[in-house]
Amino acid sequence: MDLTEIQKLISEFNASPTREMEIETDGFHLRLSKNEITAELLQQFKGTAGQPQGSSNESGSTVSEQEDAQTSQPKTEGTTIKSPMVGSVYLQPKPTEPAYVEVGTHVHKGDVVCIIEAMKMMTEIKSDVDGVIKEVLVNNEELVEFDQPLFRVEED
């Protein structure tokens with residue numbers, strides 16, 4: 001591949017809805033990602049999760065300190081809407097449109113609150129309850145795990 005082909009490829013990638021792409025041909029390797037957290041970073045994080053409690057990693061902070069910061073439990077008041085799958089969460093239908101819901105939004109059972117993308121399939125996540133969104137527990141385009149709390153809803 002020459003420079004113009006690479007530039008055209010990057011331009012088309014940026015204009016497409018594709019989140020990640022990797023090409024490898026004849027000793028040439030190109031990886032493009034629009035995700036804030038790439039698969040490689042996720043693997044690095046999962047690699048540190050296997051260390052014994054209290055052990056240090058390269059940054060000098062202990063794994064238990066990192067886990068405490070990352071797993072701070074959401075408030076238990078109200079009902080949580082949880083992720084039914086692993087994937088990338090999107091809080092808005094398109095990058096230029098407003099979020100499906102925000103703190104203070106009144107939702108009804110069946111209302112779409114976000115979308116989770118897994119293996120190029122978009123799945124609408126719907127509210128199980130009627131109530132008011134009290135807390136958004138994830139960021140847009142964040143990778144989420146199965147059963148991870150996404151929203152806290154105070155039921156009517």
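Placed above this text is the structure.
Quick notes on the rules
- Residues numbered from 1 in each chain as written.
- Predicted model: local features only at pLDDT ≥ 70, side-chain atom pairs only at ≥ 80, totals over all residues.
- Heavy atoms only, no water.
- Salt bridge = Lys/Arg side-chain N within 4 Å of Asp/Glu carboxyl O.
- Helix = DSSP H or I, 4+ residues; strand = E, 2+ residues; numbered from the N terminus.
- Buried < 20%, exposed > 50% of the residue type's maximum accessible area, 1.4 Å probe, protein only.
- Pairing = 2+ DSSP bridges.
- Patch = residues over 30% accessible without salt bridge, like charges linked within 9 Å, V, L, I, M, F, W, Y side chains within 5 Å.
- Areas by Shrake-Rupley, 256 points an atom, 1.4 Å probe, with all protein chains shown as cover.
- Lys, Arg positive; Asp, Glu negative; His and termini not counted.
- Charge placed at Lys NZ, Arg CZ, Asp CG, Glu CD.
- Contact = heavy atoms within 4.5 Å.
- Expected span 1.5 Å × (residues − 1).
- Arc of directions from axis to C-beta.
- Core = buried A, V, L, I, M, F, W, Y, C linked by side-chain atoms within 4.5 Å.

## Quick word on the pattern of salt bridges
One pass over the full model with this rule turns up 5 salt bridges. Here Arg-152 ties to Glu-135 by a salt bridge, and the two come within 3.2 Å at their closest N and O atoms. Of this pair, Arg-152 sits in strand E10 (residues 149–155) while Glu-135 sits in strand E8 (residues 131–136), placing them 17 residues apart in sequence. Since its relative accessible area comes to 6%, Arg-152 is described here as buried. Residue Glu-135 is classed as partly exposed on the basis of its relative accessible area of 22%. Each of the salt bridges in this network shares a partner with another, and the network as a whole consists of Glu-20, Glu-22 and Arg-31.

## As for the pairing of strand E6 (residues 112–118)
By the criterion of burial, E6 is predominantly enclosed, with 5 of the 7 residues buried. In this sheet, E6 lies alongside strand E4 (residues 87–90) in antiparallel orientation, the contact comprising 3 bridges. Residue pairing in the sheet places Tyr-90 in a bridge with Ile-115 of E6. Across 6 bridges, E6 lies against strand E7 (residues 121–126) in antiparallel orientation. Counted as the bridge partner of Val-112 is Lys-126 from E7.

## A few points about the sheet that holds strand E3 (residues 79–82)
As summarised here, the arrangement of the 4 strands in space is E3-E10-E8-E5, forming an open sheet in which the pairing is antiparallel. Where the open sheet ends on each side, the last strands, each with one partner, are E3 and strand E5 (106–107).

## Considerations on the sheet that holds strand E9 (residues 143–144)
Strand order in this open sheet of 4 strands is E7-E6-E4-E9, and the pairing throughout is antiparallel. With partners counted over all chains shown, the strands left at the sheet margins are E7 and E9, one partner each.

## Notes on a negative patch on the surface
A surface patch of like charges, here negative, comprises Glu-77, Asp-130, Glu-154, Glu-155 and Asp-156. Following the sequence through the fold, Asp-130 ends up in the loop between E7 and E8.

## Quick word on the side chain of Gln-92
Counting through the fold element by element, Gln-92 comes out in the loop between E4 and E5. In contact with Gln-92, other than residues within four places in its own chain, are Glu-97, Pro-98, Ala-99, Tyr-100 and Asn-140.

## Description of helix H1 (residues 3–15)
Helix length check: H1, at 13 residues, gives a terminal C-alpha distance of 18 Å against a target of 18 Å (1.5 Å per residue), a fit within 8%. Taken together, the buried positions of H1 are Ile-6, Leu-9 and Phe-13. Angularly, the buried residues of H1 cover 60° about the axis, an arc narrow enough to put them on a single face. Facing away from the buried side of H1 by more than 90 degrees, the exposed set consists of Leu-3, Thr-4, Lys-8, Asn-14 and Ala-15.

## What to know about the nonpolar core
Ranked by internal contacts, the top residues of the largest apolar core, which has 16 residues, are Val-89, Val-113, Cys-114, Ile-125, Leu-150 and Phe-151. Listed by contribution, the elements that provide at least two residues to this core are E6 and E10. When residues no more than four places from it in sequence are discounted, the contact partners of Val-113 are Ile-81, Leu-91, Tyr-100, Val-101, Val-107, Ile-125, Lys-126, Ser-127 and Phe-151.

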